[in-house]
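Each chain is listed here by its residues.
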Amino acid sequence: MGRFEPKILAFCCSYCSYAAADLAGAMRLQYPGNIKIIKVPCTGKVDLIHLLLAFEQGADGIMVAGCLEGNCHFLSGNLRARQRVNRVMAILDRIGLEGDRLAMFNLSAGMGARFAEMAREMYAQVLKLGPSPINIARETAARPIVEVAA
Amino acid sequence: MIKAVPKPLEEIIDLVKDFHKVLIVGCDGCVTVCEAGGLKEVQVLGSSLRLYFTQAGQRMDIDETSLTRQCDQEYLDQLKDRIDHYEAVVSLACGCGVQYLAERYHDKIVYPGVDTCFMGVDLERGVYAERCQACGKCILANTGGICPIARCSKRMLNGPCGGSEKGKCEVNPEIDCGWQLIYDRLKILGQLDRFEQPVDPKDWATSRDGGPRKIVREDLRL
Ligand code: SF4
Ligand code: SF4
């Protein structure tokens, strides 16, 4: 196996973290390129099944980034998102995946530097956890069995 | 409506672990409303099981569906062309739905995926409370619209008992005393005189004491 490059998904709210990511780019701040952003109208749009399916499809880590608490454009979308993130973390812990592969962050559109920092934090966390057990299992299953003559 | 809670994942994993093709069937009725067994919960359970068995290196095909109701034959019939593909079925309907599914597909292994709790109401999202025990002869007209059978821990017909304290039940201080509620409501309605005559013993034959129950409505049958 080569060097582990984690696949990390970021569900970003269009009102805050998506704009913050944009700002981080405009500010030429460095953050790991492994983070793939999915823009959502509000983190309240992210349901349990979206997070679980992303893990099924091979994500090593997922971050959900919504507005600061109290600042959601839809009032409670980010609070619902946090609750769902917590529920999925609990599920992951019970099915052999680490709950820490998932994290919720809150920031505002002006926090470009925070976005870059958050992305680096998540990258470091997933790097420490290693590849998702799903990816390891799939790779093991796909590996050809080599008969070694005695 | 009927209220249920999802069974712990570990319990469901243990039930299905010896199979390779499993169908999860939700119900769009009561269990969807209490977020225990609707299509969303079916998908979350399906995905969780796939993740579990994949990381454990075990082959497991899991399919998902949900029926309008599992307590009606005509909806259960919708599974007839596909149910043979599966070794076992996990039903997320209430206990009635699980049993009716098992009855309709007699040779199929059917497991319950939820714990069915009671008939109740939604106090708020995620908080449900019992209100009726289906005694078969409703006496709400005499009790201020508050059921002593479902809401008095001792199902007393002439309450309260001596354990009622400051409006709470002696069984658990979290529980309102049903008879205090009845008293307060009858007072508002100006019907406190109902307390002057003891209520006659109830005929429990219409409840579970008469054995499993069945309704036959000749006026509805063809
Ligand atoms: S099967 Fe149970 S949960 Fe589904 S509609 Fe019927 S009573 Fe309600
Ligand atoms: S009296 Fe019987 S039918 Fe009426 S609410 Fe109570 S348990 Fe239900």
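Rules used throughout
- Residues numbered from 1 in each chain as written.
- Chains lettered and ligands numbered in written order.
- Predicted model: local features only at pLDDT ≥ 70, side-chain atom pairs only at ≥ 80, totals over all residues.
- Heavy atoms only, no water.
- Helix = DSSP H or I, 4+ residues; strand = E, 2+ residues; numbered from the N terminus.
- Buried < 20%, exposed > 50% of the residue type's maximum accessible area, 1.4 Å probe, protein only.
- Contact = heavy atoms within 4.5 Å.
- Areas by Shrake-Rupley, 256 points an atom, 1.4 Å probe, with all protein chains shown as cover.
- Buried area = accessible area lost by both parts, 1.4 Å probe.
- Salt bridge = Lys/Arg side-chain N within 4 Å of Asp/Glu carboxyl O.
- Nonpolar A, V, L, I, M, F, W, Y, C, P; charged D, E, K, R; others polar.
- Near = heavy atom within 4 Å.
- Axes fitted to C-alpha atoms, helices over the stretch in contact; angles between N-to-C directions.
- Parallel < 35°, antiparallel > 145°, perpendicular 65-115°, else oblique.
- Left-handed = near helix turned anticlockwise from the far one by under 90°.
- Core = buried A, V, L, I, M, F, W, Y, C linked by side-chain atoms within 4.5 Å.
- Domains from an automatic or database assignment.
- Pairing = 2+ DSSP bridges.

Participant: Help me out: how do you make sense of the overall build of chain A in this one?
Facilitator: Looking only at helices and strands, chain A has five helices and four strands in total. Mapped in sequence order, the helices and strands of chain A form the string β-α-β-α-β-α-β-α-α. Oriented by its inertia axes, the alpha-carbon framework of chain A measures out at about 65 × 35 × 20 Å. Across the 150 residues of chain A, 47% fall into the buried class. Excluding contacts between residues fewer than 6 apart, the proportion of contacts in chain A whose partners are at least 24 apart in sequence is 80%. When the accessible surface of chain A is summed, it comes to about 7,800 Å², and 55% of that surface belongs to carbon and sulfur atoms.

Participant: Teacher, can you tell me more about the side chain of Thr43(A) here?
Facilitator: All names here are of chain A. Looking at the element boundaries, Thr 43 is found in the loop between strand S2 (35-40) and helix H2 (48-56). Taking relative accessible area as the criterion, Thr 43 reaches 1% and is therefore assigned buried. For Thr 43, the residues in contact, after removing those within four places along its chain, are Phe 11, Cys 13, Val 64, Ala 65, Gly 66, Gly 77, Asn 78, Ala 81 and Met 104.

Participant: Help me out: how do you make sense of the interface of chain B and chain A in this one?
Facilitator: Quoted interface sizes are often the accessible area lost when the parts come together. Across the contact, 15 residues belong to chain B and 17 residues belong to chain A. Summed over both partners, the interface of chain B with chain A comes to about 1,400 Å²; 61% of that surface belongs to carbon and sulfur atoms. Between chain B and chain A we count three salt bridges in total. Breaking the side of chain B that touches chain A down by element, the ones donating at least two residues are helix H1 (9-16) and helix H3 (39-55) of chain B. When the residues that make up the side of chain B that touches chain A are grouped by side-chain class, the tally is six nonpolar, five polar and four charged.

Participant: What should I look at first to understand the site of ligand 1 in this one?
Facilitator: As a matter of local geometry, ligand 1 sits amid Ile2(B), Cys27(B), Gly29(B), Cys30(B), Val31(B), Arg69(B), Gln70(B), Cys71(B), Ala93(B), Cys94(B) and Gly97(B). In terms of residue class, the shell around ligand 1 is built from seven nonpolar, three polar and one charged.

Participant: Please clarify how the packing of helix H5 (residues 133-142) of chain A against H3(B) should be interpreted in this entry.
Facilitator: When two helices pack together, their arrangement is given by the angle between the helix axes and by the axis-to-axis distance. The interhelical angle for the contact between H5(A) and H3(B), taken along N-to-C directions, is 55°, at an axis separation of 8 Å. By the angle between their axes, H5(A) is oblique relative to H3(B). Every pair of crossing elements has a handedness; the one defined by H5(A) and H3(B) is left-handed. Across the interface between the two elements, Pro133(A), Ile134(A), Ala137(A) and Arg138(A) of H5(A) pack against Leu51(B), Thr54(B) and Gln55(B) of H3(B). Split into classes, the residues belonging to the contact of H5(A) with H3(B) amount to four nonpolar, two polar and one charged.

Participant: Explain the site of ligand 2 here, please?
Facilitator: With respect to spatial proximity, the complete set of residues near ligand 2 consists of Cys132(B), Gln133(B), Ala134(B), Cys135(B), Cys138(B), Ile139(B), Leu140(B), Cys147(B) and Ile149(B). Tallied by class, the residues present in the shell around ligand 2 amount to eight nonpolar, one polar and no charged.

Participant: What am I meant to see in the nonpolar core here?
Facilitator: The nonpolar side chains of a soluble globular protein tend to be buried with one another. Ranked by size, the top nonpolar core spans 48 residues in total, and within it Leu51(A), Ile62(A), Leu102(A) and Leu49(B) carry the most contacts. Every residue in contact with Leu102(A), bar those within four places of it in the chain, is listed here: Leu51(A), Phe55(A), Ile62(A), Val64(A), Val85(A), Val88(A), Met89(A), Leu92(A) and Met122(A). One finds Ala10(A), Ala20(A), Ile35(A) and Val126(A) within the second-largest nonpolar core, a separate group that totals 19 residues.

Participant: Whenever I open this one, the domain arrangement of chain B confuses me. Can you help?
Facilitator: Domain assignment breaks chain B into domain 1 (2-118) and domain 2 (134-210). Centre-to-centre, using C-alpha coordinates, domain 1 of chain B lies 38 Å away from domain 2 of chain B.

Participant: Quick question: what am I supposed to make of the sheet that holds strand S4 (residues 88-91) of chain B here?
Facilitator: Through backbone hydrogen bonds, the strands of a sheet pair up, either in parallel or in antiparallel fashion. Residue and element names in this part refer to chain B. Overall, parallel pairing links the four strands, which are arranged S3-S2-S4-S5 in an open sheet. Two strands bound the open sheet, and with one partner strand each, they are strand S3 (61-67) and strand S5 (109-112). Across the sheet, the axes of successive neighbouring strands diverge by a mean angle of 25°, strand direction being ignored. For strand S2 (residues 21-27) and S3, the ladder comprises seven bridges, and the chain directions are parallel. Among the inter-strand pairings, Cys 27 is bridged to a residue of S3, identified as Leu 67. Most of the contacts of H3 go to S3, to which it runs at about 175°, and overall it touches S2, S3 and S4.

Participant: For this particular structure, what's the right way to read the pattern of salt bridges?
Facilitator: A side chain with one charge can pair with a side chain of the opposite charge if their charged atoms come near. Using the criterion set out here, one finds 23 salt bridges over all chains in the structure. The shortest N-O distance in the salt bridge between Arg84(A) and Asp47(A) comes to 3.9 Å. Of this pair, Arg84(A) sits in helix H3 (residues 77-94) while Asp47(A) sits in the loop between S2 and H2, placing them 37 residues apart in sequence. When sorted by exposure, Arg84(A) lands in the same class as Asp47(A), which is buried. A salt bridge links Arg114(A) to Glu117(A); the nearest nitrogen and oxygen atoms lie 2.7 Å apart. Linking Arg114(A) with Glu117(A), this pair stays in helix H4 (residues 112-129), spanning three residues, or about one helical turn. You can call Arg114(A) partly exposed: its relative accessible area is 24%. Here the residues in one salt-bridge network are Asp47(A), Arg84(A) and Lys40(B), joined through shared partners.

Participant: I'm lost on the sheet that holds strand S7 (residues 127-132) of chain B in this one. Help?
Facilitator: Residues and elements named next belong to chain B. Strand order across the open sheet formed by three strands is S1-S6-S7, with antiparallel pairing between neighbours. Only two strands of the sheet have a single neighbouring strand rather than two, namely strand S1 (2-6) and S7. Across the sheet, the mean angle from the axis of one strand to that of its neighbour is 75°, orientation sign disregarded. Relative to S7, strand S6 (residues 114-124) is paired through five bridges, and the arrangement is antiparallel. For Gly 120, the partnering residue across the bridge sits in S7 and is Glu 130.

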